[in-house]
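Observations on chain architecture
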Amino acid sequence: MKLQYLWALPVVALFTLSSCSNDDTVPENKGKQNVVPAGMTEFAVDDGTTRTMGVYTGSGIDFYWTQGDKLWINNTAVTPPLVQSSKDDITDKAATAKFYFAGTYNAQSYPVRYTGNGNNVGDKVTIKSEQKQATPNDGTHIGTDGDCGTATATRGADGKYHFTLSHKASYITFIPYYSYEFAEDVKVTQIKITADEVLAGKFNFDDNGLDLTSRTTVGNPKKSITLKLKDDSDNNGFSIPTSPNHTKNAAIMVLAPGTYHNFTVEYRLYDQATKVFGTVSKNYGTITFHEGKNKKVEANLPVPHYSSDRYYMWDAAVGQHVWKGYEQYQPILNETIDGHYPFMASDARWYNTIGFPTSASRSATNCPNANELLWYARHGDPHWDPSIWSIMKHLYAGGMWLKNRTTIASDNGKTLQQLKDAAPGGTNYTIVYPSDPKIYEKYVTDNRNITVGKPANSGNYIFLPTFGFYYANTGKLGRVGNRGYYWSSTPRPDMNLNAYNLYVERGTVHTGYGDRTNAHCLWPE
């Protein structure tokens, strides 16, 4: 019997969940036994489209019989009626197979059951809540993780029985990708599904298949299934291509048929270079899975992506980020160094040498001034968000949410212009240089009153990821994923070498100043 997967789900922007159909292109079993062992009866598979190990073809799952597969016959003429096969001709993986049962069978037909690889009972099937797949697009595991099926074996003129297995579990094939591109270091290490109903556990099984009414009563019911990829280390997994490619990372999961509500798919990612891990997920609402059918999930992973052209010396010419024209040399990991960093004033990427109290007039024009930075630091209600994001093909985590200027002004009974004109407390640091230590100490701020988690009303906030910075002269990249440095539009008069800045890290929002030849980020608002 060829399985036709005709039911489809709506297409969504980032994750696509659709149905598939099976192909018939499969290898023949080698080393078959052509002689029925003495004292046994042969039960042979007629149709090569129904096996027990899966490989995704791009349009559906091809199934194969694998070593360790056994069949059960429901022979009501004996006690107990369920009899397991004694031998088979499977040597590796096979498109077709022959199973042998001890004794002589004379009925015109017998019900046949497949209850999973390694299962020693014929009336129970366990769909595992923890499944494992070692190799991309290799569903060898599905037989041990819950695959099952039934058939009717019919006696031929030669005394042998023939049948076609009908699969009774459901399947889902995940094909994640990231259109912005990840380095090979970034892996998807596991995939988890959850729902309001039971997805896995032990089920009663009869000649009709799974008894779905037993899903909450038989044993160990679970409302989630986790598919671990590659191994159990949590720091290895399948690669993530830039477009759907089932040969790279197709991951196949077995689950119970049924209609599920609040169905969510979660991907766990790990970057072997940055040592960062995190998860992204998508909720699909209500989904129905039919027995014997596969659904394909092509997921463009919703990891926020940031471009690498955001690092500037203070108020450099517009568009002249520090790696402009030398992008191929840009260090993309912490502590890497390159010799193409700007080092002289004639370079278009050089900082603005204007003196205090003149404000920025080029790339940093729209950055907050020194007064506004203090409003952000002291009245921005900082929230630390440990969520993951990517830059320069790698995975990082962490950033700070701060109230935007409009919200801060409204909360404090100020206009936007008043935020620019004076810092909290009344000092205008754009025209007053804090040479007096007491005034200076009032400017340098460390707000450590931080709430962990994304604010509920995030539309009133801006997000400052921990982009790190590039060190002056060397071009070394530092503190990505640890701190995020952001320029102001206000220079300091100390030999025109510094400018006010703000940095964020877990537990702190800091206002101060930095060397203009360092490469910080421009303000995102």
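Scroll up for the structure.
Described below are features of the structure shown in this document. These numbers come from a predicted model, not from an experiment. Residue numbering note: each chain is counted from 1, following its sequence as written. This being a predicted model, a pLDDT of at least 70 is required before a residue's local features are given, and a value of 80 or more before pairs of side-chain atoms are given or counted; all residues contribute to the totals for chains, interfaces and linings. To obtain the side-chain values, all non-hydrogen atoms of the structure were used and water was disregarded.

Another aspect to go through is the overall build of the chain. Helical segments are the DSSP runs of H or I of at least four residues, strand segments are the runs of E of at least two, and each set is numbered from the N terminus. Of the regular secondary structure elements, the chain holds six helices and 39 strands. Values of the radius of gyration come from C-alpha atoms, whereas the globule rule sets the reference at 2.2 Å times the count of residues to the power 0.38. For the chain, the C-alpha radius of gyration of 32 Å lies well beyond 24 Å, the compact-globule estimate for 525 residues. Over its C-alpha atoms, taken along the principal directions, the chain stretches across nearly 105 × 45 × 35 Å. In the chain, buried positions account for 54% of the 525 residues. The contact rule is simple, with two residues in contact once any of their heavy atoms fall within 4.5 Å. Long-range contacts, defined here as pairs at least 24 residues apart, represent 73% of the contacts in the chain between residues at least 6 apart. The cut-offs for exposure are 20% and 50% of the maximum accessible area for each residue type, with area from a 1.4 Å probe on protein chains only; residues under the lower value are buried, those over the upper are exposed, and the others partly exposed.

Further remarks concern the nonpolar core. Grouped burial of nonpolar side chains is what soluble globular proteins tend to show. Only buried residues count toward a nonpolar core, which is a set of Ala, Val, Leu, Ile, Met, Phe, Trp, Tyr and Cys residues joined through side-chain atoms within 4.5 Å. The biggest cluster of nonpolar side chains holds 53 residues, and the ones touching the most others in it are Phe-174, Ile-193, Phe-263, Tyr-267, Leu-269, Leu-301 and Val-303. If near-sequence neighbours (up to four positions away) are discounted, Leu-269 is found in contact with Phe-182, Lys-187, Val-188, Ile-240, Val-276, Phe-277, Gly-278, Leu-301, Val-303, Ile-388 and Leu-395. Of all hydrophobic cores here, the second largest spans 51 residues; its members include Val-322, Tyr-341, Ala-370 and Trp-523.

On to the state of the cysteines, then. In this description, the term disulfide denotes a pair of cysteine sulfurs within 2.5 Å. Following the criterion strictly, the structure yields zero disulfides and no others. Sulfur of Cys-367: no disulfide; nearest cysteine sulfur belongs to Cys-521 and is 9.8 Å away.

Take helix H3 (residues 370-379) next. Owing to its 3.6 residues per turn, the α-helix aligns residues three or four sequence positions apart on the same side. With eight of ten residues buried, H3 is to be regarded as a mostly interior element. Where H3 is concerned, the buried positions are Ala-370, Asn-371, Glu-372, Leu-373, Leu-374, Trp-375, Tyr-376 and Ala-377. Identification of polar contacts relies on pairs of N or O atoms within 3.5 Å, with a donor-acceptor requirement for protein atoms, meaning one able to donate a hydrogen and the other able to accept it, and with residues adjacent in sequence counted only if both atoms are side-chain atoms. With a side-chain oxygen lying 3.0 Å from the backbone nitrogen of Asn-371, the N-terminal cap of H3 falls on Asn-369.

Along the chain, the position of Glu-42 falls in strand E2 (residues 40-45). Setting aside chain neighbours within four positions, we find Glu-42 in contact with Val-36, Lys-98, Phe-99, Tyr-100, Lys-160 and Tyr-161.

Structurally, Thr-164 is set in the loop between strand E14 (161-163) and strand E15 (166-167). In this structure, the C-alpha to C-alpha distance between Thr-164 and Ala-44, residues 120 residues apart in sequence, is 8.6 Å.

Right, let's get into the pattern of salt bridges. Here, a salt bridge means any Lys or Arg side-chain nitrogen found within 4 Å of an Asp or Glu carboxyl oxygen. Across all of its chains, the model carries 16 salt bridges by this definition. For Lys-160, the salt bridge identified is with Glu-42, shortest N-O distance 3.7 Å. In this pair, Lys-160 sits in the loop between strand E13 (149-155) and E14 while Glu-42 sits in strand E2, placing the two residues 118 residues apart along the sequence. Across the pair Lys-124 and Asp-123 runs a salt bridge whose closest N-O atoms are separated by 3.9 Å. Among the residues examined, Asp-123 registers a relative accessible area of 33% and is labelled partly exposed. Connected through shared salt-bridge partners, Glu-372, Arg-405 and Lys-420 make up one network.

In terms of residue burial, strand E29 (residues 383-391) counts as a mostly covered element, since seven of its nine residues are buried. As defined by bridge partners, strand E27 (residues 305-306) adjoins E29 across two bridges and the pair is classed as parallel. What sits directly across from Tyr-306, in E29, is Ile-391. Paired strands are those between which DSSP finds at least two bridges. Alignment of E29 against strand E30 (residues 394-403), held across seven bridges, turns out to be antiparallel. Paired with Ile-391 across the two strands is His-394, which belongs to E30.

Turning our attention to the pairing of strand E10 (residues 109-114). Sheet topology note: the strand E5 (residues 72-74)/E10 ladder contains two bridges and is antiparallel. Following the sheet pairing, Ile-73 is matched in E10 by Val-112. Note that E10 and E13 share six bridges and pair antiparallel. Of the residues in E13, the one forming a bridge with Tyr-110 is Ala-153.

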